[in-house]
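Spelled out, the chains give:
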Amino acid sequence: MVKAELKVKRIKNGTVIDHIKANRAMNILSMLNLPDDETAIMVAINVTSSDMGKKDIIKIEGRELSQDEVDKLVILAPKATLNIIRDYENIKKSHLELNDEITDVVKCSNPNCITHSNEPIEDRFYVQSKEPVVLRCYYCERTMDYDDIDSQF
């Protein structure tokens, strides 16, 4: 019996986000404001992975992520791999890792937190847990889980 294998077209230039926790690709696309009218995207959802069991993969043709987008991505997919592709070659592979503290990436979900006042205060969180992601506000100590974070994008 011949084993059939699905091949996904390589991209010439752009970004490949691999090792996304299964069924989270659509949340990441939403955060990246994709799809749009110009960007070609290939998405694999819930595919078999020897390391993760199941995972998602996103290929974005002709676009490299900004640092702001990478900062948000690491919160939504803290174990993802980010690959930069140029002329069909993987020129940079980064294993994303969530820092112990994050600043100005998400907003505190507590409406009474000082960060929601007119004071010029940056949103700051301690990473209480990396898997699953749980953030704790530096100011009011409110904790935020994946659903709280994802709802902001």
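Note: the structure precedes this text.
Residues numbered from 1 in each chain as written. Predicted model: local features only at pLDDT ≥ 70, side-chain atom pairs only at ≥ 80, totals over all residues. Heavy atoms only, no water.

Peer 1: I'd like a rundown of the sheet that holds strand β2 (residues 41–49), residues and numbers included.
Peer 2: To summarise the sheet geometry, strands pair through backbone hydrogen bonds and adopt either a parallel or an antiparallel arrangement. Read across the sheet, 5 strands follow the order β2-β3-β1-β4-β5 without closing on themselves; strand pairing throughout is antiparallel. Pairing within the sheet leaves two strands with one partner each, and these edge strands are β2 and β5 (89–95). The sheet shows a mean angle of 15° between the axes of neighbouring strands, direction not considered. As defined by bridge partners, β2 adjoins strand β3 (residues 53–61) across 7 bridges and the pair is classed as antiparallel. Each bridged residue has a counterpart across the sheet, and for Ala44 the counterpart in β3 is Ile57. (Pairing = 2+ DSSP bridges. Helix = DSSP H or I, 4+ residues; strand = E, 2+ residues; numbered from the N terminus. Axes fitted to C-alpha atoms, helices over the stretch in contact; angles between N-to-C directions.)

Peer 1: How would you summarise the sheet that holds strand β6 (residues 101–103) if you had to cite specific residues and measurements?
Peer 2: Taken in spatial order, the 4 strands of this open sheet run β6-β7-β8-β9, and their pairing is antiparallel. Edge positions in the open sheet fall to β6 and β9 (143–144), since each of these has one partner strand only. Sheet analysis places strand β8 (residues 133–137) next to β9, joined by 2 bridges and oriented antiparallel. Considered in β9, the bridge of Leu135 is made with Met144.

Peer 1: Can you break down the layout of surface pockets residue by residue, with the values?
Peer 2: Each pocket or cavity is described by its volume, and for the second largest pocket that value is around 190 Å³. Forming the boundary of the second largest pocket are Leu65, Ser66, Gln67, Val70, Leu82, Ile84, Lys92, Ser94, His95, Leu96 and Glu97. Counting only elements with at least two residues in the lining of the second largest pocket, the list comes to α2 (67–76), β4 (81–86) and β5. Split into classes, the residues belonging to the lining of the second largest pocket amount to 5 nonpolar, 4 polar and 2 charged. (1 Å grid on protein atoms, 1.4 Å probe; cavity = no way out; pocket = protein on both sides within 12 Å on 5 of 7 lines; lining within 4 Å. Points joined across faces, edges and corners; volume = space filled by probe spheres on them. Nonpolar A, V, L, I, M, F, W, Y, C, P; charged D, E, K, R; others polar.)

Peer 1: Report on the environment of Arg142, specifying residues and quantitative values.
Peer 2: Examined against the element boundaries, Arg142 turns out to sit in the loop between β8 and β9. Overall, Arg142 belongs to the partly exposed group, its relative accessible area being 34%. Along the sequence, Arg142 and Asp18 sit 124 residues apart, while their C-alpha atoms lie 31 Å from each other. Those residues in contact with Arg142, other than ones at most four positions away along the chain, are Cys108, Ser109, Asn110, Leu135, Arg136 and Cys137. There is a polar contact of 3.4 Å between the side chain of Arg142 and the backbone oxygen of Ser109. (Buried < 20%, exposed > 50% of the residue type's maximum accessible area, 1.4 Å probe, protein only. Contact = heavy atoms within 4.5 Å. Polar contact = N/O pair within 3.5 Å; in protein donor to acceptor, adjacent residues only side chain to side chain.)

Peer 1: Can you tell me about the environment of Glu131, naming the residues and giving the values?
Peer 2: On the secondary structure map, Glu131 appears in the loop between β7 (124–130) and β8. According to the relative accessible area criterion, Glu131 is partly exposed, its value standing at 42%. Expressed as a C-alpha distance, the spacing of Glu131 and Thr115, which sit 16 residues apart in the sequence, is 26 Å. Setting aside its immediate chain neighbours within four residues, Glu131 contacts Lys21, Pro78 and Lys79.

Peer 1: Now, about empty space enclosed by the protein: what can you tell me, with residues and values included?
Peer 2: Applying the stated criterion to the full structure yields 1 cavity of 30 Å³ or more. Computed from the structure, the largest cavity encloses a volume of approximately 30 Å³. Lining the largest cavity are Lys21, Arg24, Pro78, Glu131, Pro132, Val133 and Tyr146.

Peer 1: Explain the packing of aromatic side chains residue by residue, including any values.
Peer 2: If you walk through the whole model with that rule in mind, you get 2 aromatic pairs. When the ring of Tyr126 is compared with that of Tyr138, the centres are 5.5 Å apart and the planes differ by 55°; the resulting orientation is tilted. Of the two residues, Tyr126 is situated in strand β7 and Tyr138 in the loop between β8 and β9; the sequence distance between them amounts to 12 residues. A relative accessible area of 27% places Tyr126 in the partly exposed class. Pairing Tyr138 with Tyr139 gives two aromatic rings, centres 5.0 Å apart and planes at 90°, and the pair type is edge-to-face. For Tyr139, a relative accessible area of 33% puts it in the partly exposed group. Here the aromatic residues Tyr126, Tyr138 and Tyr139 are joined through ring pairs into a cluster of three or more. Positioned over the ring face of Tyr146 is Arg24, at 3.6 Å from the centre of the ring. In this arrangement the basic side chain of Arg124 is found over the ring face of Tyr138, its NZ or CZ atom lying 3.7 Å from the centre. (Phe/Tyr/Trp six-rings, centres within 6.5 Å; stacked < 30°, edge-to-face > 60°. Lys NZ or Arg CZ within 6 Å of the ring centre and 35° of its normal.)

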